[in-house]
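Fold and contact review
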Amino acid sequence: MEEIINLRETSDFSLIFERIRNKNLRADIDISEFKYFYPKDILMLVQYFVIQNYHQIDGSLLLSDVNGWYIQSINLIEFCNTNYKIPSHVKPTSRTAIPIKRVDTFTMNGYIRDAQNFFAKYCQGKDISALNICIAEIINNVSDHSRSEHDSFIFSQYYKLPKTIVFAISDLGVGIPDSVNGYMRSIGTGEFSDFEAVDWAMQKGQSVKSKVHNMGAGFDNIINQIRGIGNIRIFIGGVYCQIDKEGDKYIGVNPISNFIGTIIEITIDTTKLEPIDETILEGYTF
Amino acid sequence: MKKLVLNEVVKGAYSNADGFTLLCILKTYFLNNEEVEVCMLGFPPMSSSFFNSSFGELIQEFGIDKFKAIIKFKDITKSQVSQIKMYLDFHLH
């Protein structure tokens, strides 16, 4: 391996995506100067090494003393070496992160159950059902639309300061703009720009009908769940979309050029979670 | 009235596949015009995919009035009520 890609900040991941696009994966990755990894950064590294392994190309990750312990504690290398073809369980070592997982609609129940149990200890007495619903909505969305060769990957981390749960889900499949415009072509209407397509897909009731019963409720559900307790960051192709605590949406240019697929990262402020309401109604007719 | 404990008949509340399982079970009651008590105790929050493939399909096929007449929810939390209400509003508008 002769070449080394230096990653110092999130936008540098464009160098990785350029390699994936050009199928030029013979490069090591140097993250020794990368200071603070969020789950989406971890998943972009995962995608590169999973594809590298898939093509049976050896690669290495150059770490610093500062971030090396973290990368080792989340078992990133072991995960990439064992999950490039089929999902494989990686043992947890970090106390604040759930091991990275390759998930689909068949395995999401298990992950959601693990996440619920794992994060409950940081949110005692609080309702963390938003976490379950958002994970399910995103994985269902990937399954319905992305046609990703490598399923999707998920990584979740608890941060003590500030008290937040951050999780990200990524895939390397067809992004929303392609999916929306494919649908627009099929119904004989004009195509959208990538920005318009993302905006359209976020609106309540808009669906590309990839499954008969799809109603376009998924994104709206995610936004409603996160309103007041956190924010959503979405990276899709050339588009970046952010939805803040108040539900306000911002759509702009993706700071990571050459980006492939989709990454959705959700932050939940655990101090804003409502207490669990244990009142049970004996009977109810709608 | 027949009683159905949701936690015992479906594995999860998130996927289309689990929603379809519930649809198959509930459809019999709709075809027979038979009321059924659906016990929600301990059932996790539902995704929209699960709802669309189960309750949503029943509403589309049989209408909201029949849905209300056949399904009686039991042991349901306030948050489950508000979630189902939200999905019902979405389906009806």
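First, a word on scope: everything that follows refers to the structure included in this document. (Residues numbered from 1 in each chain as written. Chains lettered and ligands numbered in written order. Predicted model: local features only at pLDDT ≥ 70, side-chain atom pairs only at ≥ 80, totals over all residues.)

**Observations regarding the overall build of chain B**
What chain B contains, in helices and strands, is five helices and three strands. The order of α-helices and β-strands along chain B, N terminus first, is β-α-α-β-α-α-β-α. Dimensions along the principal axes, computed over C-alpha positions, put chain B at roughly 30 × 30 × 25 Å. Within chain B, the fraction of its 93 residues that count as buried is 40%. Considering only contacts within chain B whose residues lie at least 6 apart along the sequence, 86% involve residues at least 24 apart. (Helix = DSSP H or I, 4+ residues; strand = E, 2+ residues; numbered from the N terminus. Buried ≥ 20, exposed ≤ 12 C-beta atoms within 10 Å, placed from the backbone. Contact = placed C-beta atoms within 7 Å.)

**A few points about the overall build of chain A**
For chain A, the helix and strand inventory stands at nine helices and 11 strands. What you see for chain A is a C-alpha radius of gyration of 19 Å, in line with the 19 Å of a compact globule of 286 residues. For chain A, the spread of C-alpha atoms along the principal axes amounts to about 65 × 50 × 30 Å. Within the span of chain A, comprising 286 residues, buried residues form 41% of the whole. Sequence-distant contacts, at least 24 apart, represent 66% of the contacts inside chain A between residues at least 6 apart. (Rg over C-alpha atoms; globule rule 2.2 N^0.38 Å.)

**Here's the deal with the pairing of strand S7 (residues 230-236) of chain A**
Residue and element names in this part refer to chain A. With six of its seven residues buried, S7 lies for the most part within the structure. When S7 meets strand S10 (residues 262-269), the two strands line up antiparallel, connected through seven bridges. Following the sheet pairing, Ile234 is matched in S10 by Ile264. Bridge count between S7 and strand S8 (residues 239-243): five bridges; the pairing is antiparallel. Residue pairing in the sheet places Arg233 in a bridge with Gln242 of S8. Hairpin remark: S7 followed by S8, antiparallel, with two residues in the connecting loop; positive phi at Gly237, about 50 degrees. (Pairing = 2+ DSSP bridges.)

**Some details on the sheet that holds S8(A)**
Residue and element names in this part refer to chain A. The strand order across the open sheet formed by seven strands is S4-S5-S6-S10-S7-S8-S9, and the pairing between neighbours is antiparallel. Looking at strand neighbours, the two that pair on one side only are strand S4 (97-103) and strand S9 (249-253), the edges of this open sheet. Averaged over all pairs of adjacent strands, the angle between their axes in this sheet comes to 10 degrees, without regard to strand direction. Across the sheet, helix H6 (residues 129-146) touches S4, strand S5 (152-159), strand S6 (164-171) and S10, and the angle it forms with S6 is around 10 degrees. (Axes fitted to C-alpha atoms, helices over the stretch in contact; angles between N-to-C directions.)

**Here's the deal with the pairing of strand S3 (residues 71-77) of chain B**
Where a strand is regular, its side chains alternate between the two sheet faces. Across four bridges, strand S11 (residues 280-284) of chain A lies against S3(B) in antiparallel orientation. Bridge pairing in S3(B) links A:Gly283 to B:Lys74.

**A few points about the interface of chain A and chain B**
Listed as interface residues are 27 residues of chain A and, on the opposing side, 30 residues of chain B. Mapped onto the side of chain A that touches chain B, the elements with two or more residues apiece are helix H5 (108-120), H6, helix H9 (218-226) and S11 of chain A. In terms of residue count, H6(A) provides more of the side of chain A that touches chain B than any other element does, six residues in total. Looking at the side of chain A that touches chain B residue by residue, the class counts come to 10 nonpolar, 12 polar and five charged. (Nonpolar A, V, L, I, M, F, W, Y, C, P; charged D, E, K, R; others polar.)

**Some points on the environment of A:Val198**
Residue and element names in this part refer to chain A. Residue position: Val198 is located in helix H8 (residues 194-202). Owing to 24 C-beta atoms within 10 Å, Val198 belongs among the buried residues under this scheme. Distance in space between the C-alpha atoms of Val198 and Gly59 is 35 Å, their sequence separation being 139 residues. Non-local contacts of Val198, meaning those with residues more than four positions away in its chain, are made with Ile176, Pro177, Ile236, Val239, Cys241 and Ile251.

**Let's talk about the environment of A:Lys160**
Mapping A:Lys160 onto the fold places it in the loop between S5 and S6. Along the chain, A:Lys160 and A:Tyr122 lie 38 residues apart, while their C-alpha atoms are 9.0 Å from each other.

**Re helix H2 (residues 16-31) of chain B**
All names here are of chain B. Counted at 1.5 Å a residue, the expected span for H2 with its 16 residues is 22 Å, and the 22 Å between its end C-alpha atoms agrees. At Ile25, H2 is bent by approximately 30 degrees, the largest bend along its length. Where H2 is concerned, the buried positions are Asn16, Asp18, Gly19, Leu22, Leu23 and Leu26. Residues of H2 that are buried make contact with helix H1 (6-9), strand S2 (36-39) and helix H3 (48-62). Asn33 sits one or two residues past H2 and shows a positive phi near 55 degrees. (Expected span 1.5 Å × (residues − 1). Bend = angle between axes of the 7 residues up to and from the residue.)

**Some remarks on the packing of helix H7 (residues 176-186) of chain A against H8(A)**
Residues and elements named next belong to chain A. Between H7 and H8, the least distance of the axes is 8 Å, while the angle of their chain directions is 80 degrees. For the element pair H7 / H8, the angle class is roughly perpendicular. Contacts between H7 and H8 pair Ile176, Pro177, Val180 and Asn181 from the former with Asp194, Ala197, Val198, Trp200 and Ala201 from the latter. Across the contact of H7 with H8, the residue classes tally to seven nonpolar, one polar and one charged. (Parallel < 35°, antiparallel > 145°, perpendicular 65-115°, else oblique.)

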